[in-house]
Amino acid sequence: MATVLNHKTSTSVAISPPLEHGDRLSRDEFHRRWNAMPRLKKAELIGGRVFIDSTIKTRSSIRTLDRSIPPLENADVLPRDEFRRRWANMPGLKRAERFGGSVFMQAAVRFREHGQPHQNLQGWMMHYKAFSPGIEGGVDATVEDPLDDAQPDGCLLISPECGGQCRVNDEGYLVGAPEFVAEVAASSASFDLHDKFDAYQRSGVREYLVWKVLERSIVWFELVEGEFVELPPDEDGIHRSRVLPGLWLDSPSLLASRLDRVLEVLDRGLASSEHAEFVKRLAEARGSA
């Protein structure tokens, strides 16, 4: 069942997270968030999922090469070949994803809710990669799965020649599941914790970190017998990866933008015996490949 409403502003609005395309919400929460966004004229709730036509803005700002090819639209249901054909025809469109055949796009990215946290998270991941030979990483790179075409905010993977489970295909896309994936999400309602969660679990991502910015929390999952279970921090409050030894995260410091402390803790992980042994194993695997 779909709920489609003509927008009505509210006289008193409590502070609430914004509606995001793909959020999973109850009808009451959908109404509450929409009423707090007087400029949003159209939104739909279908099967508990929020649909926002964010491509209204992109149609006028993103040119197409061939006008006979339809543009990508949020919630389109397309096979991979058609998804790629339409996307390739929109050279100004930098990000689009496909989950279970459905298209997801985000027209604009907020600075404090996504852009800044994304950069801080990437700095932490890049620092680990710089001192871990045999580890590769990327930002917004498409990962192919039989059902999905995801673009994780960031990923770290063990190089294929070192025994990793992910590789780059002839078209330049990742195939298989990166060992570690990270996403910046607005809140628990985000599809990063629903559709993407299910997709990454199904594909075999071994660890998955989600930064819920508006809720000021970071949750880290590990794959156990085919299902994601939460990986809690140790007694000292530090998250320690089990698939990438030495990848340590002081989550409270990251949430507080104490980046000096974040890198200090990561450097301790990089100096650990576990990390040294891991890098040695990667080198041995590369040598025997």
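Residues numbered from 1 in each chain as written. Predicted model: local features only at pLDDT ≥ 70, side-chain atom pairs only at ≥ 80, totals over all residues. Heavy atoms only, no water.

*Asks:* Describe the overall build of the protein, and please don't skip the residues or the numbers.
*Replies:* Secondary structure summary: the protein contains eight helices and 17 strands in total. Scaling as 2.2 N^0.38, a compact globule of 289 residues should have a C-alpha radius of gyration of about 19 Å, and the protein matches this with 20 Å. Viewed in the frame of its principal axes, the protein has a C-alpha envelope of about 60 × 45 × 35 Å. Across the 289 residues in the protein, those meeting the buried criterion constitute 51%. Taking the intrachain contacts of the protein between residues at least 6 apart in sequence as the baseline, contacts between residues at least 24 apart amount to 59%. (Helix = DSSP H or I, 4+ residues; strand = E, 2+ residues; numbered from the N terminus. Rg over C-alpha atoms; globule rule 2.2 N^0.38 Å. Buried < 20%, exposed > 50% of the residue type's maximum accessible area, 1.4 Å probe, protein only. Contact = heavy atoms within 4.5 Å.)

*Asks:* Could you give an account of the layout of surface pockets, naming the residues involved and the relevant values?
*Replies:* Quantified by volume, the second largest pocket comes out at close to 200 Å³. R112, E113, Q116, P117, N120, W211, V213, L214, R216, L254, L255 and S257 are the residues that line the second largest pocket. (1 Å grid on protein atoms, 1.4 Å probe; cavity = no way out; pocket = protein on both sides within 12 Å on 5 of 7 lines; lining within 4 Å. Points joined across faces, edges and corners; volume = space filled by probe spheres on them.)

*Asks:* Before we move on, can you summarise unusual backbone geometry with the specific residues and values?
*Replies:* In this model, D140 sits at a positive phi of 55 degrees, which is unusual for a non-glycine residue. Along the chain, D140 falls in the loop between β6 (135-138) and β7 (143-144). The residue R216 is not glycine, and still its phi comes out positive at about 50 degrees. For R216, a relative accessible area of 52% corresponds to the exposed category.

*Asks:* Could you give an account of helix α8 (residues 273-288), naming the residues involved and the relevant values?
*Replies:* In a regular helix each residue adds 1.5 Å, so 16 residues correspond to 22 Å; α8 covers 23 Å between its end C-alpha atoms and thus fits that length. Residues H275, F278, V279 and L282 constitute the buried set of α8. Buried residues of α8, seen end-on, are gathered within an arc of 95 degrees and therefore sit on one face of the element. When the buried face of α8 is taken as reference, the exposed residues oriented beyond 90 degrees from it are K280, G287 and S288. (Expected span 1.5 Å × (residues − 1). Arc of directions from axis to C-beta.)

*Asks:* For the sheet that holds strand β9 (residues 154-158), give the residues involved together with the corresponding values.
*Replies:* If you trace the six strands from one edge of the open sheet to the other, you get β6-β9-β12-β13-β14-β15, paired in mixed fashion. Looking at the sheet topology across the chains shown, the edges are occupied by β6 and β15 (227-230). Taken pair by pair, the neighbouring strands of this sheet meet at an average axis angle of 20 degrees, ignoring direction. Of the pairings in the sheet, the one linking strand β12 (residues 180-185) to strand β13 (residues 207-212) comprises six bridges and is parallel in character. Bridged to A185 within β13 is K212. Running over the sheet, helix α5 (residues 195-203) touches β12, β13, β14 (217-224) and β15 and is turned about 115 degrees from β15. (Pairing = 2+ DSSP bridges. Axes fitted to C-alpha atoms, helices over the stretch in contact; angles between N-to-C directions.)

*Asks:* I'd like a description of the packing of aromatic side chains, backed by residues and values.
*Replies:* Within this structure, the stated rule accounts for 14 aromatic pairs. With a centroid separation of 4.8 Å and 10 degrees between ring planes, the pair formed by F104 and F191 is classed as stacked. Of this pair, F104 sits in strand β5 (residues 102-104) while F191 sits in the loop between β12 and α5, and the two are 87 residues apart along the sequence. A relative accessible area of 12% places F191 in the buried class. Measuring from centroid to centroid gives 6.1 Å for F221 and F228, while their planes differ by 35 degrees, and the two rings are tilted. Overall, F221 belongs to the buried group, its relative accessible area being 11%. (Phe/Tyr/Trp six-rings, centres within 6.5 Å; stacked < 30°, edge-to-face > 60°.)

*Asks:* Explain the pattern of salt bridges residue by residue, including any values.
*Replies:* Counted under the stated rule, the structure contains 27 salt bridges. A salt bridge links R49 to D195, with the shortest nitrogen-to-oxygen separation between them at 2.3 Å. Here R49, found in strand β3 (residues 49-51), pairs with D195, found in helix α5; they are 146 residues apart in sequence, far enough to count as distant. The exposure classification of R49 matches that of D195, with both residues buried. Note that R84 is salt-bridged to D149, the shortest N-O span being 2.7 Å. With R84 in helix α3 (residues 80-88) and D149 in strand β8 (residues 149-150), the pair connects residues that are 65 residues apart, well separated along the chain. (Salt bridge = Lys/Arg side-chain N within 4 Å of Asp/Glu carboxyl O.)

*Asks:* Describe the side chain of D250, with residues and values.
*Replies:* Mapped onto the secondary structure, D250 falls in the loop between β17 (248-249) and α6 (251-255). A relative accessible area of 7% places D250 in the buried class. There is a polar contact of 2.8 Å between the side chain of D250 and the side chain of S253. Among the polar contacts made by the side chain of D250, one reaches the side chain of R261 at a distance of 2.9 Å. Setting aside residues up to four positions removed in sequence, D250 forms contacts with I238, R261, V262 and V265. (Polar contact = N/O pair within 3.5 Å; in protein donor to acceptor, adjacent residues only side chain to side chain.)

*Asks:* Kindly report on empty space enclosed by the protein, identifying the contributing residues and their values.
*Replies:* Taken as a whole and judged by the stated rule, the model has one cavity of 30 Å³ or more. Of the volumes computed, that of the largest cavity is approximately 90 Å³. Lining the largest cavity are 13 residues, and of these V143, D145, A150, Y200 and S203 lie nearest its centre. With three residues, α5 is the single largest residue contributor to the lining of the largest cavity. Split by residue class, the lining of the largest cavity holds eight nonpolar, two polar and three charged. (Nonpolar A, V, L, I, M, F, W, Y, C, P; charged D, E, K, R; others polar.)

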